[in-house]
Amino acid sequence: MTPQIEAFLEMMAVERDASPHTLSAYGRDLADAETALSDAGGLMKADAEAVEAWFADLSRRGLSAATAARRRSSARQFYRFALAEGWRTDDPSRRLDAPKQGRSLPKVLSRDEIDALLAASASRDAAAGLRLVALVEMAYASGLRVSELLGLKVEAIRRDPAYLIVRGKGGKERLAPLNTAAREAIKAWLTARDEKRKPETPDSPWLFPSSGRTGHLTPRRFAQLLDEAAITAGIDPARVSPHVLRHAFATHLLEGGADLRVVQTLLGHADIATTQIYTHVATDRLAQVVQQNHPLARDD
C-alpha cells in the first residue's frame, strides 16, 4: 500500500469516522487499482485513459455491478483527496460512469420459516442450542446488524432491558427493541454462559464470547451455525444468513402495518430510500397471498 493510500485511509478514519469494515473495503479497492495501473505509473501517475481502462476491465473480470460501483467510488474519493492535498492537478476519474445496477430485492424468510429455524436451533446440544436461539431471537426481534449483535457487551444485557442502545454506522446511536421471546432466550443463554465459565477464569466482556482473536463470536461462525440450523429445518441454507434475519424483521414489520419511518429508525438507515426496498418485498408477498387465497383469484 502506497503512502498516499495510507494517508487517504487515515483521513477517512479520523475525519469521516469510517468503520473498520469500510476502511478495509477502500483499502482493497485502491490496492486493486494500484496493481492494475502499475504499467501507467500507479494511481498517482495514471492518466484518465488508463483509469477508464481499469474501470472498464472490472466487468470483464466478472465483478458485479455493485462491486464495480464501490471501486469507482473509492477511486473518485481518493482522487478528490489527492487534488485537495496538491498531489495531483487533475482528476483522472472524473469521466467514470457509474455502472447500472438493477434493483436487488433482499431475501426474506416467512414467519413459519423463522419458527422452524428457531426449533432447529433449539435442537442443538445444551449451551450451543441456547446460544443460537438467543442469536436468532435477538436478530429477528431487533433488526440488529450482525456486527452490532456480536459486539454486544454482556453487562448491557444483564439488566434485562426492553431496549438496547446500539452504535451503528457512522457512530450513530439508536434504540433496538427486544420482545419477550428474545429476552427469555437471553436469560436462558446467560445462565448457560455463566455455568460454562470456569471460576478461576475472568469473565469475558462479550455477550457471545469466543476463544478466537476478536474474543467474541465472528460473523462467519454465526453464518455457519445458521446454515446448519437451516439444513435441519429443511430450508435452503442459501436463503439464510445473519443479514436475512434483519430483512425478515423489517419486512414482517411492514407487512403488519408498521410506518416506514419507524422501520427506518429501527434499522438505523440514514436514507429512507434504503428502507423503501422492503416495501417492494412486503407488497410482493401480500400480492402472492391474495393470489393464492382469494376465491376470485383462483383459476378454477
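Use the structure listed above.
Below: a short report on this structure.

Analysis parameters
Numbers given to residues run from 1 along each chain, matching the order in which its sequence is written. A pLDDT threshold of at least 70 governs which residues receive local features in this predicted model, and a stricter bar of 80 or more applies before side-chain atom pairs are shown or counted, although totals over entire chains, interfaces and linings include all residues. Note: side-chain values were computed over all heavy atoms of the structure, leaving out hydrogens and water. Accessible area is worked out with a 1.4 Å probe on protein chains only. A residue is then buried under 20% of its type maximum, exposed over 50%, and partly exposed in between. Counting from the N terminus, the helices are the DSSP runs of H or I reaching at least four residues and the strands are the DSSP runs of E reaching at least two. An arc is given here, and it is the one of the directions from the helix axis to the C-beta atoms. N or O atoms within 3.5 Å of each other form a polar contact, as long as, within protein, one can give a hydrogen and the other can take it, and as long as residues adjacent in sequence are counted only when both atoms are side-chain atoms. Any two residues whose heavy atoms approach within 4.5 Å are treated as being in contact. Angles run from 0 to 180 degrees between N-to-C directions of axes, and those axes are lines fitted to C-alpha atoms, restricted for helices to the stretch in contact. With respect to orientation, any angle under 35 degrees is reported as roughly parallel, any angle over 145 as roughly antiparallel, any angle of 65 to 115 as roughly perpendicular, and every other angle as oblique. Each residue gets one label: Ala, Val, Leu, Ile, Met, Phe, Trp, Tyr, Cys and Pro are nonpolar, Asp, Glu, Lys and Arg are charged, and the others, such as Gly, are polar. Residues forming no salt bridge and having over 30% relative accessible area are the ones grouped into patches, like charges within 9 Å of each other and nonpolar side chains (Val, Leu, Ile, Met, Phe, Trp, Tyr) within 5 Å. Computed with the Shrake-Rupley method and a 1.4 Å probe, the accessible areas treat only the protein chains shown as cover for residues. Any Lys or Arg side-chain nitrogen found within 4 Å of a carboxyl oxygen on Asp or Glu counts as a salt bridge. Each Phe, Tyr or Trp ring (for Trp, its six-membered ring) is paired with any other whose centre lies within 6.5 Å, and the angle between the two planes then decides the class: stacked below 30 degrees, edge-to-face above 60, tilted in between. By definition, being over a ring means that NZ of Lys or CZ of Arg is both within 6 Å of the ring centre and within 35 degrees of the ring normal. Only four residue types enter the charge count: Lys and Arg as positive, Asp and Glu as negative, with His and the chain ends excluded. DSSP bridges decide pairing: two strands pair if at least two such bridges lie between them. In this analysis, the protein atoms alone were mapped onto a 1 Å grid. Cavities are point sets where a 1.4 Å probe fits without being able to get out; pockets are open sets with protein on both sides within 12 Å along at least five of seven lines; lining residues have an atom within 4 Å of a point. Grid points are joined across faces, edges and corners, and a volume is the space filled by probe spheres set on the points.

**What about helix H11 (residues 260–267)?**
Working step 1: Listing the buried residues of H11 in full gives Leu-260, Val-263, Gln-264, Leu-266 and Leu-267. All buried residues of H11 lie within an arc of 165° about the axis, which places them on one face of the element.
Working step 2: With a side-chain oxygen positioned 2.8 Å from the backbone nitrogen of Arg-261, the residue opening H11 is Asp-259.
Working step 3: Immediately beyond the C-terminal end of H11, within one or two residues, lies Gly-268, with a positive phi of roughly 80°.

**Some thoughts on the side chain of Gln-77**
Working step 1: Residue placement: Gln-77 occurs in helix H4 (residues 65–85).
Working step 2: Exposure remark for Gln-77: the relative accessible area of 16% places this residue in the buried category.
Working step 3: Within polar-contact distance, the side chain of Gln-77 engages the side chain of Tyr-26 at 2.6 Å.
Working step 4: Those residues within four positions of Gln-77 in sequence are excluded, and the remaining contacts are Phe-8, Met-12, Arg-16 and Tyr-26.

**Looking at the packing of helix H6 (residues 126–142) against helix H9 (residues 219–233)**
Working step 1: Running from N to C, H6 and H9 cross one another at 100°; their axes reach a closest spacing of 11 Å. In this view, H6 runs roughly perpendicular relative to H9, as classed from their interaxial angle. Together, Arg-131, Leu-132, Leu-135 and Val-136 of H6 and Phe-222, Leu-225, Leu-226 and Ala-229 of H9 make up the contact between the two elements.
Working step 2: By residue class, the composition of the contact of H6 with H9 is 7 nonpolar, no polar and 1 charged.

**Let's talk about unusual backbone geometry**
Working step 1: Phi at Ala-126 takes a positive value of approximately 40°, unusual for a residue other than glycine.
Working step 2: As for its placement among the helices and strands, Ala-126 is situated in helix H6.

**Notes on a nonpolar patch on the surface**
Working step 1: A contiguous nonpolar surface patch, about 350 Å² in accessible area, is contributed by Tyr-163, Ile-165 and Leu-175.
Working step 2: Structurally, the position occupied by Tyr-163 is in strand E1 (residues 163–167).

**Examining the packing of aromatic side chains**
Working step 1: If you walk through the whole model with that rule in mind, you get 7 aromatic pairs.
Working step 2: The interplanar angle of 70° and the centroid separation of 5.5 Å between the aromatic rings of Phe-78 and Tyr-79 together place this pair among those described as edge-to-face.
Working step 3: Taking the centre distance of 6.1 Å and the plane angle of 15° together, the rings of Trp-189 and Phe-208 count as stacked. Residue Trp-189 is located in helix H8 (residues 180–196), and its partner Phe-208 is located in the loop between H8 and H9; the two are separated by 19 residues in the primary sequence. Assigned by exposure class, Trp-189 and Phe-208 land together as buried.
Working step 4: Each residue in the set Phe-8, Tyr-26, Phe-78, Tyr-79, Phe-81 and Trp-87 is aromatic and connected to the rest through ring pairs, giving one cluster.
Working step 5: A cation over an aromatic ring shows up here: Lys-153 above the ring of Trp-206, its NZ or CZ 5.0 Å from the ring centre.

**A few points about the side chain of Arg-246**
Working step 1: As for its position among the elements, Arg-246 is in helix H10 (residues 242–255).
Working step 2: Lacking a salt bridge, the buried Arg-246 has Glu-148 as its closest oppositely charged neighbour, with an N-O distance of 4.8 Å.
Working step 3: A polar contact of 2.6 Å, which involves the side chain of Arg-246, links it to the backbone oxygen of Gly-143.
Working step 4: With residues near it in sequence (within four places) discarded, Arg-246 still touches Gly-143, Leu-144, Arg-145, Arg-174, Leu-267 and His-269.

**Quick word on the pairing of strand E2 (residues 173–177)**
Every regular strand shows the same layout, with side chains that alternate between the two sheet faces.
Working step 1: Sheet topology places E1 next to E2; 5 bridges connect them, and they run antiparallel. Across the sheet, the residue bridging to Ile-165 is Leu-175, located in E2.
Working step 2: Once E1 ends, the chain turns through 5 residues before running back antiparallel as E2, passing Gly-170 with a positive phi of about 70°.

**Some details on the layout of surface pockets**
Summary: where empty space remains is shown by rolling a probe the size of a single water molecule over the atoms.
Working step 1: Estimates place the volume of the second largest pocket at around 320 Å³.
Working step 2: Broken down by element, the lining of the second largest pocket gets its largest block of residues, 3 residues, from H8.
Working step 3: Considering only residue class, the lining of the second largest pocket consists of 3 nonpolar, 5 polar and 6 charged.

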